[in-house]
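# Topology and contacts: notes
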Amino acid sequence: VTDTEMDTVVDYLTANFGPGVNLPQFEAATLPDGAGKDLVAQRCGTACHDLRRVTVRLGRKDWDGVVKHMINIGAPVTLDDAKAITGYLSEKFGAK
């Protein structure tokens, strides 16, 4: 990406998604009941992103990778929490 292209991209993003832009409101995601639901809500649906991010369908190996990635970038999750979160997400939002 050239400097000119970068300026164009930044201008577009600022104009369409920057401060003062009224973005559409989305419905909050609802998590199904199950072991690990509260942990997912507390650890995954806080400051970094909303819970809609965890309602996609992924296989257990993929969920394990996502959870490990989140830990690597600073998610406050212990290894025991990670197992519980991966188990919940795999059961409730696993690949079909």
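Data block above holds the structure.
Counting restarts for each chain: residues are numbered from 1 in the order of the written sequence. Predicted model: local features are reported for residues with pLDDT of at least 70 only, side-chain atom pairs are reported and counted for 80 or more only, and whole-chain, interface and lining totals are derived from all residues. Side-chain measures here rest on the full set of heavy atoms in the structure, leaving out hydrogens and waters.

## Here we look at the overall build of the protein
Note on conventions: DSSP H or I runs of at least 4 residues are helices, E runs of at least 2 residues are strands, and numbering of each starts at the N terminus. Scanning the protein from N- to C-terminus turns up four helices and zero strands. Start at the N end of the protein and walk to the C end: the helices and strands fall as α-α-α-α. The globule rule is 2.2 Å times the number of residues to the power 0.38, and the radius of gyration it is compared with is taken over C-alpha atoms. Scaling as 2.2 N^0.38, a compact globule of 96 residues should have a C-alpha radius of gyration of about 12 Å, whereas the protein reaches 17 Å, well beyond that. For the protein, the spread of C-alpha atoms along the three principal axes comes to 50 × 30 × 30 Å. Here the protein holds 96 residues, and 22% of them are scored as buried. Between two residues, a contact is recorded if the distance between any of their heavy atoms is within 4.5 Å. A separation threshold of at least 6 residues defines the contact pool for the protein, and within that pool the share at least 24 residues apart is 59%. Seen as two clouds, the 11 positive and the 13 negative side-chain charges of the protein have centres 11 Å apart. A 1.4 Å probe rolled over the protein chains alone gives each residue an accessible area, and that area as a share of the maximum for its type sets the label: buried under 20%, exposed over 50%, partly exposed in between. Under this rule, positive means Lys or Arg and negative means Asp or Glu; His and the chain ends count for nothing. Note on charges: their place is set at NZ of Lys, CZ of Arg, CG of Asp or CD of Glu.

## A closer look at the side chain of Ser 90
By the element assignment, Ser 90 lies in helix α4 (residues 79-93). A residue is classified by how much of its surface remains accessible, and Ser 90, at 14% relative accessible area, is buried. A distance of 2.7 Å separates the side chain of Ser 90 from the backbone oxygen of Thr 86, its partner in a polar contact. For Ser 90, the residues in contact, after removing those within four places along its chain, are Arg 60 and Trp 63. A 3.5 Å cut-off defines polar contacts: any pair of N or O atoms within that distance qualifies, except that in protein one atom must be a possible hydrogen donor and the other a possible acceptor, and neighbouring residues in sequence count only when both atoms are side-chain atoms.

## Structural notes on the pattern of salt bridges
We define a salt bridge as a contact between a side-chain nitrogen of Lys or Arg and a carboxyl oxygen of Asp or Glu at a distance within 4 Å. Within this structure, the stated rule accounts for five salt bridges. Salt-bridge contacts for Asp 64 lead to Lys 68; the nearest nitrogen and oxygen are separated by 3.1 Å. Of this pair, Asp 64 and Lys 68 are both found in helix α3 (residues 60-72), four residues apart, which corresponds to roughly one turn of the helix. Between Glu 91 and Lys 92 there is a salt bridge, with its nearest N and O atoms 3.3 Å apart. Classification of Lys 92 by relative accessible area gives partly exposed; the value is 22%.

## Considerations on the nonpolar core
Nonpolar cores were defined as sets of buried Ala, Val, Leu, Ile, Met, Phe, Trp, Tyr and Cys residues, with membership established by side-chain atoms within 4.5 Å. The biggest cluster of nonpolar side chains holds 14 residues, and the ones touching the most others in it are Leu 31, Val 40, Val 54, Ile 85 and Leu 89. Elements with a contribution of two residues or more to this core: α2 (37-44), α3 and α4. For this core, the element with the most residues is α4, which contributes five residues.

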